[in-house]
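# Tertiary structure, described
What follows is each chain in one-letter form.
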Amino acid sequence: MTNDIIVAEGLKKVYRVKVPKGFLKKTTKEIHALRGVNLRVREGEIFGLLGPNGAGKTTLIKILTTLLLPDEGYAIVNGYDVVKESRKVRKSIGVMLMGERSLYWKLTGRENLEYFGALYGLSGETLKRRVNEVINFVGIRDFADRLVETYSSGQKMLLAFAKALINDAPLLFLDEPTVAMDPRNAALVREKIKLLREEFGKTIFLTTHLMHEAEMLCDRVAIIDLGRILALGSPQELKSSLKGKSSIEIDVKSDRVHEVINEIRSFDDVLEVAFSYVKINGMDAVKIRILCSSPRTLLPDIISLLIKKNMDILYVNPQEPTLEDVFMHYTGRLLTEDTREGV
Ligand SMILES: Nc1ncnc2c1ncn2[C@@H]1O[C@H](COP(=O)(O)OP(=O)(O)O)[C@@H](O)[C@H]1O
Ligand SMILES: [Mg+2]
């Protein structure tokens, strides 16, 4: 027997949506959200599912938490089958979904936690104590007794995080737990996630599109794109698949970036190049990322090219490969638009 707390084999999910086709006609379009996902999560680890928007992260987390049925494949969570034993799965996990809508806005945060705690069978002093513990742990005492409708979006997220802890489950599913949070709250939630594992022995399955979050928090990471897991391992293992390579990040102020990308790609030493449109200090800019073997020889050539093309260079940063480069290596694209959190 293994001590895998989550086992998924061959999970597939297709969404069918109606789209207009010509006058008064509609046709059904199939969206393959998961195309055969296999993974195993070990007890006691922080496991991250890292991928861009639309990769299939929420779909996978919904299947593992019994909120959505798979079309094919199976998953075992805490020893229970997510389809055949969904009630047992639900009792044994804590869940925080993105864009949490299940909070009651006309109740206070504390009343919400009491309500959800009661659903798990807690009552009386035990319920009160648990609610207090969770409020103190997450650090939401200042606003716990205010109506949720007065909360900022960050405060709602913190309450949703607290709600996932109310039944003291050994396994937590967190769908992009820091998205739309200001950097201070995001850092707070990451600290709490680490503590949950280190002090309370929880297993955590989280999704993120932030490579630095995955790198900072996770023992192992699965990189997902277009419904497929492309790579799986510790951040160090994933990065060492790019051993001997370097990464160069260049920000430019220009909308003519297409003109140079192909030229950059044609340099001998360039293995991959990708770019994304970003805002830097409120200004439109383009981030170019290049994977290469010898940045010392390549970088001067690239800078000369950008200057020749009259492009304003805002920032140049040669560095060791990150998970962003691992993603680029597999997909030829960038994982995220830069949010520049904490920089
Ligand atoms: N309810 C739905 N109906 C139709 N398509 C959906 C639905 N939910 C998600 N999708 C599509 O499935 C794909 C995966 O989405 P999702 O699992 O939400 O990805 P992620 O959480 O990684 O952004 C995307 O192409 C998305 O547009
Ligand atoms: Mg999602």
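Note: the structure precedes this text.
Overview of the structure.

About the criteria used
Residues numbered from 1 in each chain as written. Chains lettered and ligands numbered in written order. Predicted model: local features only at pLDDT ≥ 70, side-chain atom pairs only at ≥ 80, totals over all residues. Near = placed C-beta within 6 Å. Helix = DSSP H or I, 4+ residues; strand = E, 2+ residues; numbered from the N terminus. Pairing = 2+ DSSP bridges. Buried ≥ 20, exposed ≤ 12 C-beta atoms within 10 Å, placed from the backbone. Arc of directions from axis to C-beta. Contact = placed C-beta atoms within 7 Å. Axes fitted to C-alpha atoms, helices over the stretch in contact; angles between N-to-C directions. Parallel < 35°, antiparallel > 145°, perpendicular 65-115°, else oblique. Left-handed = near helix turned anticlockwise from the far one by under 90°. Nonpolar A, V, L, I, M, F, W, Y, C, P; charged D, E, K, R; others polar.

Once that is clear, we can look at the site of ligand 1. All residues in the neighbourhood of ligand 1 are listed as Tyr15, Val17, Ile31, Ala33, Gly51, Asn53, Gly54, Ala55, Gly56, Lys57, Thr58 and Thr59. Those elements that provide at least two residues to the shell around ligand 1 are strand E1 (4-20), strand E2 (26-42) and helix H1 (57-64). Considering every element that reaches the shell around ligand 1, the biggest residue donor is H1, with 3 residues.

Relative to E2, E1 runs antiparallel, the two being bridged by 14 bridges. Across the sheet, Pro20 pairs through a bridge with Lys26, a residue of E2. The loop that links E1 with its antiparallel partner E2 comprises 5 residues; one of these, Gly22, has a positive phi angle of about 70°.

Every buried residue belonging to helix H3 (residues 109-119) is among Gly109, Arg110, Asn112, Leu113, Phe116 and Gly117, and all of these are buried. For H3, the angular spread of buried residues about the axis comes to 160°, placing them on one side. Those residues of H3 that are exposed and aimed more than 90 degrees away from the buried face are Ala118 and Leu119. On its buried side, H3 packs onto helix H4 (124-138) and helix H5 (153-165). Within two residues after H3, Gly121 carries a phi angle of roughly 90°, on the positive side.

Packing of H3 against H4 brings their axes to within 10 Å, and their N-to-C directions diverge by 125°. The angle between the axes of H3 and H4 places the two elements in the oblique class. Crossing angle aside, the handedness with which H3 passes H4 is right-handed. Residues Arg110, Leu113, Glu114, Gly117 and Ala118 of H3 lie in contact with H4, whose contacting residues are Leu127, Arg130, Val131, Val134 and Ile135. The residue inventory of the contact of H3 with H4, partitioned by class, reads 6 nonpolar, 1 polar and 3 charged.

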